[in-house]
Amino acid sequence: MTTTTTLATIHHFINGTETTGEGDRTQPVYNPATGRVSAELRLANEADLNATVAAARAAADSWGDISLAKRTAVLFKFRELVAAHVDELAELITAEHGKVLSDAKGEIGRGLEVIEFACGIPQLLKGDYSDQVSTGIDVFSFREPLGVVAGITPFNFPVMVPLWMAPMAIATGNAFILKPSERDPSAPMLLAQLWKRAGLPDGVFQVLHGGKETVDGLLTHPDVDGISFVGSTPIAQYVHETATKHGKRVQALGGAKNHAIVMPDADLDNAADHLAAAAFGSAGERCMAISVAVAVGDAADLIVKKVEERALAIKVANGTEPDADMGPVITPASKERILRIVTEAETAGAAMVVDGRDLVVPGHEDGFWVGPTVIDHVTAEMTAYAEEIFGPVLVVVRVADLEEGVALINSNPYGNGTAIFTSNGAAARKFQRSVTVGMVGINVPLPVPVAYHSFGGWKNSLFGDKHIYGPEGVSFYTRGKVITSRWPEPTHASGASYNFPSN
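Okay, so let's go over this structure. (Residues numbered from 1 in each chain as written. Predicted model: local features only at pLDDT ≥ 70, side-chain atom pairs only at ≥ 80, totals over all residues. Heavy atoms only, no water.)

Re the pairing of strand β20 (residues 439–442)
Right, on to step 1. Of the two faces of β20, the one lined by Met439 and Gly441 is fully buried and the one lined by Val440 and Ile442 carries no buried residue.
Right, on to step 2. Sheet topology places strand β19 (residues 417–421) next to β20; four bridges connect them, and they run parallel. Counterpart to Ala419 in the pairing with β20 is Gly441.
Right, on to step 3. Crossover handedness for the path β19 to helix α15 (residues 425–434) to β20: right-handed. (Buried < 20%, exposed > 50% of the residue type's maximum accessible area, 1.4 Å probe, protein only. Helix = DSSP H or I, 4+ residues; strand = E, 2+ residues; numbered from the N terminus. Pairing = 2+ DSSP bridges. Right-handed = clockwise from strand over helix to strand, strands pointing away.)

This is the structure in structure tokens:
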């Protein structure tokens, strides 16, 4: 007797309803820990895109006029629902991304912080008022929503990055279209259901699945007013150029090559703990992962040995196992690219300290596994240094002093995040002031700002002039309007003049 397994189908969420859409193309969704297909994803066509944008445009017109009190009530309810569904969301993330459950819950926690910040939108949208700037004339300003905005988000944080965008966009009065990664689309679909249960009107939050065709449609559609993007630098640059050319406001966050300088005076055990966590957590698939340890002088041999010990102790397993430290990478293609870059570094003369290329996880032989890898004596000319690896690989570059380390960082085309480990306040202050990177950690390896600051890098890590969430997120999703007002007494002369009034 033959048993047939029916795959789950993941649909779009358009105008308040899960729908198959008009498109007939599908794509498999994998569990990276097993290598097996777990679901089938429906992909949008042009008709689906147009229907989604039309629903968003209609919803934006009414949602933007709803009172701040009513918007805030929805946001508070959404926050409660997300907090109540942390376990379910984390399980969906782990099943499709592969990261361990504790890490999945951590990303949801950071997303909750942004929702909480957005709940304070009445305070954040307060304008300015200037009384009697000229006789009988007042000037005041306020901010209005853009209208329809889209978020194009990456696979590595299927909940956190959408929550960096959508609560800010919705709180400020916009309709939001989410185009999530095709790799792990289930958690965003649950977010859509939670928005609906929170009382958000239909069309204000929608999820549209698709590939490049769908992305291009959002970048060029005349009824889309703004684009938020997080992904690789080449795509970020393409998104920025294409959408800007079509008259849209764009924030496009790109890739990274994050360095951590380790000074000889640092607490090396503390530094090694944090380097290992920052390099190998989430299998290194973070835009804020530390992928380069810059070892200064006498710290080099000691820190390499300590990181080696910690890398060898990491348990790589299915993310559902309670004691797992690290899961698989996202696809076979990602695994092959990581292995190629590591092999090229070895061939070029780098020293393999910990080699994760041949890792096998018993019972999960078909999973997409790469073990923690540490490579010493890497130079700036090697691919392992020059490219964003996006895998569990830490390369070590040795420098003579702090100045040489800062020069190395500043010459890198990326400028997302960086860190220094030191017990010297003067060195830390010199570092924070001289390094050309947008987010800096001092004895903090992943300097991701809290929700009431804004996240964003410099150089090739950001295209556009606004960082994401926080105060700059409010600014990005709104535009200012200034009113000059005069209410003359009916019995008075108009005071009209061909000159600009000044008194």
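Things to note about the pattern of salt bridges
Right, on to step 1. On inspection of all chains with the given rule, the structure shows 26 salt bridges.
Right, on to step 2. Across the salt bridge formed by Lys212 and Asp216, the nearest N and O atoms sit 2.6 Å from each other. Linking Lys212 with Asp216, this pair stays in helix α8 (residues 212–220), spanning four residues, or about one helical turn.
Right, on to step 3. Between Lys430 and Glu403 there is a salt bridge, with the nearest N and O atoms lying 2.2 Å from each other. Of this pair, Lys430 sits in helix α15 while Glu403 sits in helix α14 (residues 402–411), and the two are 27 residues apart along the sequence.
Right, on to step 4. The class for Lys430 is partly exposed, based on a relative accessible area of 41%.
Right, on to step 5. Owing to a relative accessible area of 42%, Glu403 belongs among the partly exposed residues under this scheme. (Salt bridge = Lys/Arg side-chain N within 4 Å of Asp/Glu carboxyl O.)

Focus on the nonpolar core
Right, on to step 1. In this structure, Phe176 and Phe205 are the most contacted members of the largest nonpolar core, which totals 68 residues.
Right, on to step 2. Sorting elements by how many residues they give to this core places helix α6 (residues 160–171) first, with 10 residues.
Right, on to step 3. Beyond its immediate sequence surroundings of up to four residues, Phe205 is in contact with Phe13, Ala166, Ile170, Phe176, Leu178, Pro188, Leu191, Ala192, Trp195 and Leu200. (Core = buried A, V, L, I, M, F, W, Y, C linked by side-chain atoms within 4.5 Å. Contact = heavy atoms within 4.5 Å.)

A short note on unusual backbone geometry
Right, on to step 1. With phi around 55°, Asn15 is a residue other than glycine that occupies positive phi space.
Right, on to step 2. Examined against the element boundaries, Asn15 turns out to sit in the loop between β2 (12–14) and β3 (17–19).
Right, on to step 3. Positive phi, close to 55°, is recorded for Ala283, a residue that is not glycine.
Right, on to step 4. Relative to the elements of secondary structure, Ala283 occurs in the loop between α10 (268–280) and β14 (290–296).
Right, on to step 5. Residue classification places Ala283 among the buried residues on the basis of a relative accessible area of 0%.

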